[in-house]
Amino acid sequence: MDKRMTYREKTDIDNTLRLREVLQSLPPFCRDYFRAMESTTTTKTRISYAYDIRIFFQFLLDSNPAFKEYSMTDFTVDVLDQLKAVDIEEYEEYLKVYKNGEKTETNGERGLKRKISALRSFYAYYYKREMIRTNPTVLIDTPKVHDKSIIRLDADEVAILLDYIEHCGDQLTGQKRVFYEKTKERDLALVTLLLGTGIRVSECVGLDVEDVDFKNNGIKVTRKGGNEMIVYFGPEVEKALKRYLEVREGITPLPGHEHALFYSAQRRRIGVQAVENLVKKYARQVTTTKKITPHKLRSTYGTALYQETGDIYLVADVLGHRDVNTTKKHYAALDDARRRQAATAVRLREEN
């Protein structure tokens, strides 16, 4: 039996321990809510909600005179019944700019919506169980999130990016050249994989070497929510991965990181931040007008796949979207472009 602990299992253990620490700082009655949502959410989601709920109670301490003598652990569930819709609206206003110790925090549209959604879920739990009589969160409007246009690389920019990663060492000298040669095959394989499969950066860093199947040209990824899925790749990805794996064989990883597919320069499993940094570093040399991140490489793949197939359901499946409406929203502009083509595709009469 394989006793190897997967990256996801390790992450879940770390997140569970972090969640316990956060819960210690929250009012004791909150633990029932987080225990109830355990079977339907990931540990990462629960931590995010715990931080969001803690901000709510900090708001009450900072802004509501009725609780000026309280500490956070003094709150009991009946405090939720003491608040009105106007208090929730004041909280929404507070979230736009607030102090977290010495640090000033801000929230844009998406941050506001997530934190209000977390509070609504929190209230709904106690209301449904008749532990409170009112739910003021349903009386306020959901924060509006305006759609943004998809930022992605054009086909020629993809080619330029990969060529640059492969050959930019010619422009470097000294230690920069040494570091580049050391990480070149890894960086090329990593970016090629992101561009050639559309996997999320979190899925990419979570890959173990055993997850790569060259017989079928597929990788086993763990999607949001914990579902495993095989994502297939083409010959360009295969070539880049095989070249990197030759280099990887010469690396002696630190204990506990032996199974990681991609290593950092410190011989550990590479992290999300490191991948984001290397993508930005290379992309800056290709375009200065687009802020390219690993997620934008995912958008680049999704766009190319949709343009080639016209199958929005296939794109949703490959990208791991649980709701095809999410995919439709992101690629609506492409649908519009296709509809515009229809205006000239059919000729009613031949021109004289």
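Since we're looking at a predicted model, the values are computed, not measured. (Residues numbered from 1 in each chain as written. Predicted model: local features only at pLDDT ≥ 70, side-chain atom pairs only at ≥ 80, totals over all residues. Heavy atoms only, no water.)

## Topic: the sheet that holds strand S4 (residues 218-222)
Let me state the cut-off plainly: Note on pairing: DSSP must find at least two bridges between two strands before they are called paired. Counting from the N terminus, the helices are DSSP H or I runs at least four residues long and the strands are E runs at least two residues long.
Pairing is antiparallel in the open sheet, where three strands are placed in the order S3-S4-S5. Either end of the sheet is taken by a strand with one partner, and the two such strands are strand S3 (212-213) and strand S5 (228-232). The pairing of S3 with S4 spans two bridges and is antiparallel. Its bridge partner lying in S4, Val212 is registered against Ile219.

## A look at the packing of helix H12 (residues 294-309) against helix H13 (residues 312-319)
Here is the rule we go by: Each axis is a line fitted through C-alpha atoms, taken for helices only over the stretch in contact, and angles between the N-to-C directions span 0 to 180 degrees. Angles are sorted into four bins: roughly parallel if under 35 degrees, roughly antiparallel if over 145, roughly perpendicular if 65 to 115, and oblique for all others. Crossings are classed by handedness, with left-handed meaning an anticlockwise turn of the near helix from the far one by less than a right angle and right-handed meaning a clockwise turn. By definition in these notes, contact holds between two residues if any of their heavy atoms fall within 4.5 Å. Three residue categories are used. Nonpolar comprises Ala, Val, Leu, Ile, Met, Phe, Trp, Tyr, Cys and Pro, charged comprises Asp, Glu, Lys and Arg, and polar comprises the others, including Gly.
Where H12 meets H13, the closest approach of the two axes is 9 Å, and the angle between their N-to-C directions is 150 degrees. By the angle between their directions, the pair H12 and H13 is classed as roughly antiparallel. Judged by the sense of rotation from one axis to the other, the crossing of H12 with H13 is right-handed. Mapping the contact onto sequence places Arg298, Tyr301, Gly302, Leu305, Tyr306 and Thr309 in H12 and Ile312, Leu314, Val315, Val318 and Leu319 in H13. Here the contact of H12 with H13 is composed, by residue class, of eight nonpolar, two polar and one charged.

## Re H12
Filter applied, for reference: A helix is expected to span 1.5 Å multiplied by its residue count minus one.
Between the first and last C-alpha of H12 there are 23 Å, a value that for 16 residues agrees with the 22 Å anticipated at 1.5 Å per step. Once H12 finishes, Gly310 follows within two positions and takes phi at roughly 65 degrees, a positive value.

## Here's the deal with the pairing of strand S1 (residues 97-100)
Taken together, the four bridges between S1 and strand S2 (residues 103-106) define a ladder with antiparallel strand orientation. In the strand pairing of S2, Lys99 is matched with Thr104. What sits between the antiparallel neighbours S1 and S2 is a turn of two residues, in which Gly101 has the positive phi angle 70 degrees.

## Structural notes on a positive patch on the surface
Here is the rule: Think of a patch as exposed residues, more than 30% relative accessible area, with no salt bridge, where like charges cluster within 9 Å and nonpolar side chains (Val, Leu, Ile, Met, Phe, Trp, Tyr) cluster within 5 Å. Using a 1.4 Å probe, accessible areas were evaluated by the Shrake-Rupley method; residue-level cover was limited to the displayed protein chains. The working definition used for a salt bridge is a side-chain nitrogen of Lys or Arg within 4 Å of a carboxyl oxygen of Asp or Glu. A residue counts as positive if it is Lys or Arg and as negative if it is Asp or Glu; His and the chain ends are not included. Every charge is mapped onto a representative atom, which is NZ of Lys, CZ of Arg, CG of Asp or CD of Glu. Relative accessible area decides the class of each residue, using a 1.4 Å probe on protein chains only: under 20% of the type maximum gives buried, over 50% gives exposed, and in between gives partly exposed.
A grouping of Arg110, Lys113, Lys144, Lys148, Lys291 and Lys329 is seen on the molecular surface, where their side chains present a positively charged patch. Among the residues examined, Lys144 registers a relative accessible area of 59% and is labelled exposed.

## Notes on the packing of helix H3 (residues 43-63) against helix H5 (residues 85-96)
Put simply, H3 and H5 touch, their axes get as near as 10 Å, and they point 105 degrees apart. It follows that H3 is roughly perpendicular to H5 by the angle criterion. Of the residues in H5, those touching H3 at Asp52, Ile55, Phe56, Gln58, Phe59, Asp62 and Ser63 are Asp87, Ile88, Glu90, Tyr91, Tyr94 and Leu95. Of the residues that constitute the contact of H3 with H5, the class distribution is seven nonpolar, two polar and four charged.

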